[in-house]
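One letter stands for each residue in the lines below.
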Amino acid sequence: MTGQIVIVGAGVAGATAARTLRSSGYTGRIVLVGAEQHAPYRRPMVSKDLLAGTRELERCLLESESYWAGSDIELRVGTTVTDLCTDRGRVCLSTGESLGYDSLLLATGARARRLEHHPPLRVRTLRGVADIAALRAAIATGPLLIVGAGLVGLEVAATVRGLGGQAQVVNASAGPLDRVVPHEVSALVRDLHAEHGVRIDNDVELTGIEQIDSHGVVATATDGRTWSAASALVAIGADPDTALARTAGLEISDGILVDAHFHTSAPGVFAAGDVAARFTPQRRRHERDQHWNSAQAQGAAAAKSMLGQPDTDLEIPWGWSTQYGVNLQFAGWPHPCEDLVVRGSIADRDFIALALTEGALVGAVAVGRPRDLRTARELIAGGAVHPRADWAEAAELAELKREVQPVRQ
Ligand SMILES: Cc1cc2nc3c(=O)[nH]c(=O)nc-3n(C[C@H](O)[C@H](O)[C@H](O)COP(=O)(O)OP(=O)(O)OC[C@H]3O[C@@H](n4cnc5c(N)ncnc54)[C@H](O)[C@@H]3O)c2cc1C
């Protein structure tokens, strides 16, 4: 297998694809191009250990610098792919070079969403290592107002408290994480933050944030309420980085549209990770996962597809978040939830909550039960259906695995 493969984006999806190509026997040239200045690193650490300063970047790399140097994968960091011409099978780089390819993977990830009127100073976003220094400096100047109660906003709130700083959260929806987890778990997250001195104001529709002077910011809501702080973090989600795909005329919706095996609408061009809206056979629609494990699994599966060996057993999406040392894990599609069965106790922070649709397990959220969550992932992937009483009362969740056949994707 010779030729040349170019991978755009050196995040986990791109890096995993490169390694998978090699481990699957591809002997052609592989060029992995990354706009960030660093070798691929563990992005989830950005809002946790890296922001807290408890871990050096070297300890958060996917592979050491020496691994890449000896890997027979050409890693070009600090380099942007500026143009993609699918007719000619070529990309242009910010260095002025132009590279041909036989196959191309777009693994460009996502960019932190900004406010419509985003004041340049004292209002930050957080996506990568390059954003950390400014946010840490902002935290040091006084209370931080966090706009958005999704995973990144809440993790930053917990990290700020760990650093001895103050944080407050304003949230557009009815509860923290309530677009990801069922109401009962959202309430637990709210309580957890309250215990640590972080107030979360829900149902807040901001009109904007203004920088009042060199000392602080004021956020104003449509109902006239205001919040003052030394600085603000806007953590309202991330948009897929489809800039290149758009200029190349690829089909895009919320992300680059790919089929179940990561082919885009252009021959020889694939997409994976946060940027890709993949057709999920189980759900019969295109979906964009934004979890570390999904990006990793998709990078590996896309590499196999590029080699003509499509992987049919892609895992269902699952992810995690750590706040104040509490590790919340979720799998499948726990929200919105038709029927919730809680095994264990949410109040004691030792539970798995199972989201059911007509007896079928479609999603799960757990605290302190990693083994059960692993089992739940298999049960969701296998399309397990049982009477509600069995989901609630089986002595072990694993007992419900009987007769479950994996669903081929
Ligand atoms: C702060 C933070 C905390 C997170 N915590 C968790 C967590 O606890 N658990 C979890 O499951 N998930 C977490 N996530 C989500 C997870 O990190 C992402 O789903 C995952 O990193 C996506 O990987 P990716 O490779 O698809 O994209 P990315 O990691 O975004 O990488 C894409 C790369 O492509 C580069 N790029 C873009 N355009 C170009 C171009 N034209 N040329 C060259 N390079 C380009 C970008 O600079 C970037 O380096 C977190 C995300 C963030 C931001």
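Residues numbered from 1 in each chain as written. Predicted model: local features only at pLDDT ≥ 70, side-chain atom pairs only at ≥ 80, totals over all residues.

### Remarks on the overall build of the chain
Move 1: What the chain contains, in helices and strands, is 10 helices and 27 strands.
Move 2: In terms of overall dimensions, the chain is globule-like: its C-alpha atoms have a radius of gyration of 22 Å, near the 22 Å expected for 409 residues.
Move 3: In terms of overall dimensions, the chain has C-alpha extents of about 60 × 60 × 40 Å along its principal axes.
Move 4: Looking at the chain residue by residue over its 409 residues, the buried ones come to 45%.
Move 5: The long-range fraction of contacts in the chain, counting pairs at least 24 apart against all pairs at least 6 apart in sequence, stands at 62%. (Helix = DSSP H or I, 4+ residues; strand = E, 2+ residues; numbered from the N terminus. Rg over C-alpha atoms; globule rule 2.2 N^0.38 Å. Buried ≥ 20, exposed ≤ 12 C-beta atoms within 10 Å, placed from the backbone. Contact = placed C-beta atoms within 7 Å.)

### Some details on the site of the ligand
Move 1: Neighbouring residues of the ligand: 37 residues in total, closest Gly9, Gly11, Gly109, Gly273 and Gly319.
Move 2: Among the elements of the structure, α1 (12-23), α5 (151-162), α8 (292-306) and β23 (318-323) are those that each provide at least two residues to the shell around the ligand.
Move 3: The residue makeup of the shell around the ligand includes at least three contributed by each of domain 1 (4-111 + 239-306) and domain 2 (114-236). (Near = placed C-beta within 6 Å. Domains from an automatic or database assignment.)

### Quick word on helix α4 (residues 132-141)
Move 1: The complete set of buried residues in α4 reads Leu135, Ala138 and Ile139. Seen along its axis, α4 keeps its buried residues to an arc of 100 degrees; they face one direction. Away from its buried face by more than 90 degrees, α4 exposes Ala133, Ala137 and Ala140.
Move 2: Downstream of α4 by one or two residues, glycine 142 has phi in the positive range, about 150 degrees. (Arc of directions from axis to C-beta.)

### Regarding the domain arrangement of the chain
Move 1: Split by domain assignment, the chain resolves into domain 1 (4-111 + 239-306), domain 2 (114-236) and domain 3 (325-401).
Move 2: Placing a centre on the C-alpha atoms of domain 2 and another on those of domain 3 gives a separation of 30 Å.
Move 3: Contact with domain 2, which involves eight residues of that partner, is made by 11 residues of domain 3.
Move 4: Residues that form the side of domain 2 that touches domain 3 fall into these classes: six nonpolar, no polar and two charged. (Nonpolar A, V, L, I, M, F, W, Y, C, P; charged D, E, K, R; others polar.)

### Digging into the sheet that holds strand β27 (residues 360-367)
Move 1: Pairing within the open sheet is antiparallel, and its five strands lie in the order β23-β24-β27-β26-β25. If you trace the sheet from one side to the other, it starts and ends with β23 and β25 (339-345), each paired once. Strand after strand, the sheet turns through a mean of 15 degrees between neighbouring axes, direction not considered.
Move 2: With seven bridges joining them, strand β26 (residues 350-357) and β27 adopt antiparallel strand pairing. Within the sheet, the bridge partner assigned to leucine 354 lies in β27 and is alanine 364. (Pairing = 2+ DSSP bridges. Axes fitted to C-alpha atoms, helices over the stretch in contact; angles between N-to-C directions.)

### Quick notes on the nonpolar core
Inside soluble globular proteins, nonpolar side chains tend to come together where they are buried.
Move 1: Ala232 and Ala364 are the most contacted members of the largest nonpolar core, which totals 70 residues.
Move 2: No other element matches the seven residues that α5 contributes to this core.
Move 3: The residues touching alanine 232, leaving out its near neighbours within four places in the chain, are Arg122, Val123, Leu144, Leu145, Val147, Ile209, Val217 and Ala219.
Move 4: Counting 53 residues, the second largest nonpolar core, distinct from the first, contains Ile7, Ala10, Val91 and Ala276. (Core = buried A, V, L, I, M, F, W, Y, C linked by C-beta atoms within 7 Å.)

### Quick look at the sheet that holds strand β6 (residues 98-100)
Move 1: Read from one edge to the other, the open sheet built from three strands follows the order β4-β5-β6, with strand pairing classed as antiparallel. Two strands in the sheet have a free side with no partner beyond their single neighbour: β4 (81-85) and β6. Going from strand to strand, the sheet's axes swing by 20 degrees on average, the running direction of each strand aside.
Move 2: Note that β4 and strand β5 (residues 90-93) share four bridges and pair antiparallel. Each bridged residue has a counterpart across the sheet, and for cysteine 85 the counterpart in β5 is arginine 90.

### Some thoughts on helix α9 (residues 370-381)
Move 1: Taking 1.5 Å of rise per residue, the 12 residues of α9 would be expected to cover 16 Å, and the 17 Å separating its terminal C-alpha atoms lies within 8% of that figure.
Move 2: Along α9, the residues that are buried comprise Asp372, Leu373, Thr375, Ala376, Arg377, Leu379, Ile380 and Ala381.
Move 3: Taken together, the buried residues of α9 touch β23, β24 (326-332), β26 and β27. (Expected span 1.5 Å × (residues − 1).)

### Here's the deal with unusual backbone geometry
With the exception of glycine, the majority of residues adopt a negative phi angle, and the majority of peptide bonds are in the trans configuration.
Move 1: Put simply, histidine 335 and proline 336 share a cis peptide bond, and its omega is -5 degrees.
Move 2: Locating proline 336 in the fold gives a position in the loop between β24 and β25.
Move 3: The phi angle at glutamate 358 is positive, at roughly 45 degrees, despite the residue not being glycine.

### Some details on the pairing of strand β1 (residues 4-8)
Move 1: Most of β1 is tucked away, with four of its five residues classed as buried.
Move 2: Strand direction decides the pairing type here: β1 and strand β2 (residues 29-33), joined by five bridges, are parallel. Within the sheet, the bridge partner assigned to valine 6 lies in β2 and is valine 31.
Move 3: Taken together, β1, α1 and β2 form a β-α-β motif whose crossover is right-handed. (Right-handed = clockwise from strand over helix to strand, strands pointing away.)

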